[in-house]
Amino acid sequence: MRIGLLTEGGYPYVSGEAGLWCDRLVRGLEQHEFDVYALSRSERQEAEGWVPLPPQVSRVRTASLWDFEDDGVVHGRRARRRFAEYYSELAAVLCTTAPGNSSAYSERASRGASGSESALEADRFANALYGLAELARDEGGLPAALRSETAVRALERACRAPGAHRSAREARVPDLLAVAARLEHALRPLSLDWYEDDDLGAVDLCHAASGGTAALPGLLARHFCDVPLLVTEYGVRLRTHYLTEPDAPPAIRSLLAAFHGRLAAETYRRAAVITPGNTHARRWQERCGADRAKLRTVHPGMDATPFAETGESPGYADPHTLVWVGRIEPVKDLVSLLHAFAEIRKAEPRARLRIVGNPTGPEGAAYLAHCKGLAAQLFPDEADGPHAVGRNPVSFEETGGPELPSRADAYGAGALVVLSSVVEGFPSGLVEAMFCGRATVSTDVGAVVEAIGGTGLVVPPRNPRALAEACVALLRDPERRERLGAAARARALELFTVEQNVAAFHGIYLEILSSTPVRRVVLDDTGEPLPFAVPAEAHVPGRWTDPTARVVARGGPGWATDAPVRATSPASATEGAR
Amino acid sequence: MSGLGELDRPGTPGSPGAWDSRSRESLTDPVAGGGGAAGEHAIAGGSPVARGGEVAEGAEGSAVAGGSPVARGGASDGGAAGARGGAVGGGAAVTRDGAAGGGGAVAVGKEAPSAARRAAADPVKALMHRHRDLCERAVDPLEIAAGLEAHGVTDRTAARFRHRDVFSLAEEMYARVPRDGDASPRPTNPPAPRARTGWIVLALLPGALCAATVAGLRLTEGRPRLIAAVVGALVVTLALRAALRRGPLRAATRTTGTWTCWLVGYALLGDGLLHAALAGGPDGLPDGTAEGPWPVTVAPVLALALACAPAAASAHLFAVGARRKLAASRGLADFSASVRPLLLGTVALFMCALTALVALTGAVLAEPAAHPQALTLGALLLLARLLTVHGCTHAPTRVLTAAATAEAAALATLFAGRLPGCGLLAAPVEALVAACGPAGVPTAACGIGALTLLVHATRRLTRASAHAPMEQPR
């Protein structure tokens, strides 16, 4: 089957985010055909080129989000009126709803008036969005129109209208201009020529690799060509939007937040299936109106092979060594870890702590220096006897040297892996430790509890004493440590491998396709619809006549054979799909 | 606040005791024994608020066998900073199941009123104080939720504030932010982009080079004069291009300079040609002087070249003024009304400068001052450039084309009138020249064009969208 993979600043570009995940997905599902539709985010990204693409990627179409391209079309009077109508509608929706409540209508849908009202607002937004898209398709000239005075006036009218949101009412002229420019930027996918029958209209399924702008082409493909949409979000775009630009004027933030919230709600409403990467993303999606029946959590997959050796031979670690592995930055709260280690030393004087990682940026370097100072202050150097050279029980190391060639060796060097972050998304370091079969003590942040399950100890963040208690308990109990490590490894191998990720998406693809009605109805001579005239595999040119394909041999369509289990790309396993 | 010793003593024997002992159990229990994790979790999630109250109360009774150090840590923190205590209170090192992650929604029991009695037991207030920047600037509850999560607040933390999740906690915080009716303080104007002085030099360059060329023309004879003219024209054109690439006259879109060149060329040669054509000439090619068979009028061209600097300066003034008005005005209508005088003033300023330059060059070069045609051409070019700079390219191109075509047509009709039987064609131009002299043709063409563009500019350049800051490609 043919899958349109929609990315924004992502996959085929070398520096794209979540590129590794997409690459593994595409390579893992080699029996499908992928059309990649990529939006690039910057000129630099475009200049850096693409990653090597496997043969199942049959076509790549790109468009730039950073370049203002005016197609030179000047709208006639009728088009201008159409544009003004839709844009006023859009502006009115963005201004009138109190944004925070706007997206929570799923909860209120059952509560009568306010529910139907917010559903009405959602419909208005959708109408305006698709109206603009249709205008762009029919007439062109949308980018210029979105920056025109008509647009700014419509925004001003909406902001000054009674019932507008408090912060929208304060909008000044520069704010209006900025909002118009940002909306134009966000709506650039509307002007693309991707929505014809031989582009996105020809795919069986659109898979948006993130929410937000990347899902917009999928929404339009669904609107114009009835292609089902699958949205995968490892980080919620709406939340990212809230965290960027905290210093912009409130009017701009309010209107843009409303836009992104509405867009997310519309995406979730239209998507056939939504796959959050963890419970945290799932909660945000539910909050933004995603139907629970559509949500399937698909954990990010990580490559387990580099850790296999360590994981299968857990015996050789020093039983008194604790290891912390990660990038050194203030949110990792190493200070807390050092204080906890001071407590641990009181109970277990032979304990050692190895902190393995590189600082990120100047802030991280400063933090590392601070931590080194603190460690030197807390722990004097110690020697085995009067004639031996002493050393500090806390060591700061980096991977890549002869002592710790890889991260797997770093995890393997300790009996216990500690994670002390105060903020964490999906804890890929923790999952790596699980792959290595190490017992872990981590702080209860982000998706830690979700990842670790019952296979490690979890303590509250910023609580050195609790951390120390837990570590001491595990240090004194090698048997329990071993049991926890084995359980963690089993859990990680079951939940967080690339194979499970790819298999999950394979299943979801089939599920969506099975519930999607035939879109192209072929009529026979008498004008009656011809059943089974267009089977799904008919969209896979060249595959089913391929003599090496398993399709013919097994007598069934290729995509319906067994689930794929493929070796992963040899790229480094340090990044999760994030 | 009570001392640390008291903080050690949990008050009610009920929940903290069980909580402590069970968490102690789970500390020492192997994983397999984690069956009670969910229950433990529920207790951990539910009790701390109550405990916060109890701690503040400093209840007597060390009935419970000394709580585990973990719990002590939580309690002491709770005493020190209410919210923080809540965050930490959750506890002991428990092994939890991921599925139980969302299960922190435990109704707080009867202890709630006693907790609410205490001011210190309003943990949300303390939390709001800690995140007051976030709360004050948030435009909706989700923004607070995102900010809280970025600071490490999870659903389990929110459970300690008696909320089901971070979202409802954020909603309470959003609702409780004091908002007086006043608007938020006026955002300070963004610092004006650093004024670079490079463009001033570039804007002076065409004038200087043109003056040098004119001097070269005056001082040489014959072939060197021809070379000087060619080189001068080339150099001035290049300097002009450079001046239009940088500074306030820079346009985002590419424009063609053909018609501008034609109009300037007409100012240089056209009047002489027209004059000569009316007299039956021209009898030879231009020789670079005003006295030859095809006289060359250098003064207006030199004046126009020199006027590059005032043009750039007035465009700069207009842009800066418009930006200031943009920041100051409240509505679009306000803005339009305040920019219109600015635009007219800018154009008038430029016209004054151009008039002075034309008079000056006329006097220095001892040529008859060509005021009308130079002034109208200057106004036309300035307005066309201003419109182009602000993103309106359609009208300027049309008008420049029309003006150039009109001038060309005037010359063409004169020569066409010499054909037998076509004398009538030349009549209008001859009448015009008879009425206003040879200057009438360019003055009329450029004047009408300039007026058209002025009317257009008062409509287009007074819109706010014409002054939207262009984003830089990243």
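Values in this document were obtained by computation on a predicted structure and should not be read as measured data.

Caption draft 1: Examining the sheet that holds strand E10 (residues 414–419) of chain A more closely. Residue and element names in this part refer to chain A. Taking strand neighbours across the sheet as the criterion, the six strands line up as E9-E8-E7-E10-E11-E12 in an open arrangement whose pairing is parallel. Of all strands in the sheet, those bounded by a partner on one side alone are strand E9 (394–397) and strand E12 (457–459). Averaged over all pairs of adjacent strands, the angle between strand axes in this sheet comes to 20°, irrespective of strand direction. As defined by bridge partners, strand E7 (residues 318–325) adjoins E10 across three bridges and the pair is classed as parallel.

Caption draft 2: Geometry of the packing of aromatic side chains. Under the criterion given, the structure shown has 11 aromatic pairs over all chains. Consider the rings of Trp284 of chain A and Phe167 of chain B, whose centres lie 5.1 Å apart with planes at 80°: the pair is edge-to-face. On the criterion of chain membership, the pair formed by Trp284 of chain A in helix H14 (residues 279–287) and Phe167 of chain B in helix H12 (residues 166–176) is interchain, its members lying in two chains. Summarising the aromatic geometry, the rings of Phe341 of chain A and Phe379 of chain A are spaced 5.2 Å apart at their centres and angled 65° between planes, so their arrangement reads as edge-to-face. With a gap of 38 residues between them, Phe341 of chain A in helix H16 (residues 334–347) and Phe379 of chain A in the loop between helix H17 (361–378) and E9 connect regions that are remote in the sequence. Neither Phe341 of chain A nor Phe379 of chain A differs from the other in exposure class; each is buried. Taken together through their ring pairs, the aromatic side chains of Trp21, Tyr234 and Phe505 of chain A make up a single cluster.

Caption draft 3: Here's a closer look at the pattern of salt bridges. Throughout the structure, instances matching the rule amount to 39 salt bridges over all chains. Residue Glu149 of chain B pairs with Arg239 of chain A through a salt bridge whose shortest N-O separation is 2.9 Å. A residue pair is termed interchain when its members come from two chains, as with Glu149 of chain B in helix H10 (residues 141–150) and Arg239 of chain A in helix H12 (residues 237–243). The exposure classification of Glu149 of chain B matches that of Arg239 of chain A, with both residues buried. Measuring nitrogen to oxygen at the nearest pair gives 2.8 Å for the salt bridge that ties Arg176 of chain B to Glu172 of chain B. Of this pair, Arg176 of chain B and Glu172 of chain B both sit in helix H12, four residues apart, which is roughly one turn of the helix.

Caption draft 4: Examining the confidence of the model for chain A more closely. Residue and element names in this part refer to chain A. Of the residues in chain A, 87% have a pLDDT of 70 or more, and the chain-wide mean is 82. Averaged pLDDT values over the elements of chain A bottom out at 38 in helix H24 (residues 550–554) and peak at 93 in strand E6 (residues 273–276). Below a pLDDT of 50 lies the segment residues 541–558, which in the model reaches 19 contacts outside its immediate sequence neighbourhood of four places, other chains included.

Caption draft 5: Geometry of the packing of helix H15 (residues 258–278) of chain B against helix H22 (residues 440–460) of chain B. All names here are of chain B. In contact at an axis separation of 9 Å, H15 and H22 are set at 150° when each is read in the N-to-C sense. One element, H15, and the other, H22, form an angle in the roughly antiparallel class. On the side of H15, the interface is formed by Leu263, Tyr266, Asp271 and Leu274, while H22 contributes Val441, Pro442 and Cys446. Residues belonging to the contact of H15 with H22 are distributed by class as follows: six nonpolar, no polar and one charged.

Reading the values: rules and limits
Residues numbered from 1 in each chain as written. Chains lettered and ligands numbered in written order. Predicted model: local features only at pLDDT ≥ 70, side-chain atom pairs only at ≥ 80, totals over all residues. Heavy atoms only, no water. Pairing = 2+ DSSP bridges. Helix = DSSP H or I, 4+ residues; strand = E, 2+ residues; numbered from the N terminus. Axes fitted to C-alpha atoms, helices over the stretch in contact; angles between N-to-C directions. Phe/Tyr/Trp six-rings, centres within 6.5 Å; stacked < 30°, edge-to-face > 60°. Buried < 20%, exposed > 50% of the residue type's maximum accessible area, 1.4 Å probe, protein only. Salt bridge = Lys/Arg side-chain N within 4 Å of Asp/Glu carboxyl O. pLDDT = per-residue confidence, 0-100. Contact = heavy atoms within 4.5 Å. Parallel < 35°, antiparallel > 145°, perpendicular 65-115°, else oblique. Nonpolar A, V, L, I, M, F, W, Y, C, P; charged D, E, K, R; others polar.

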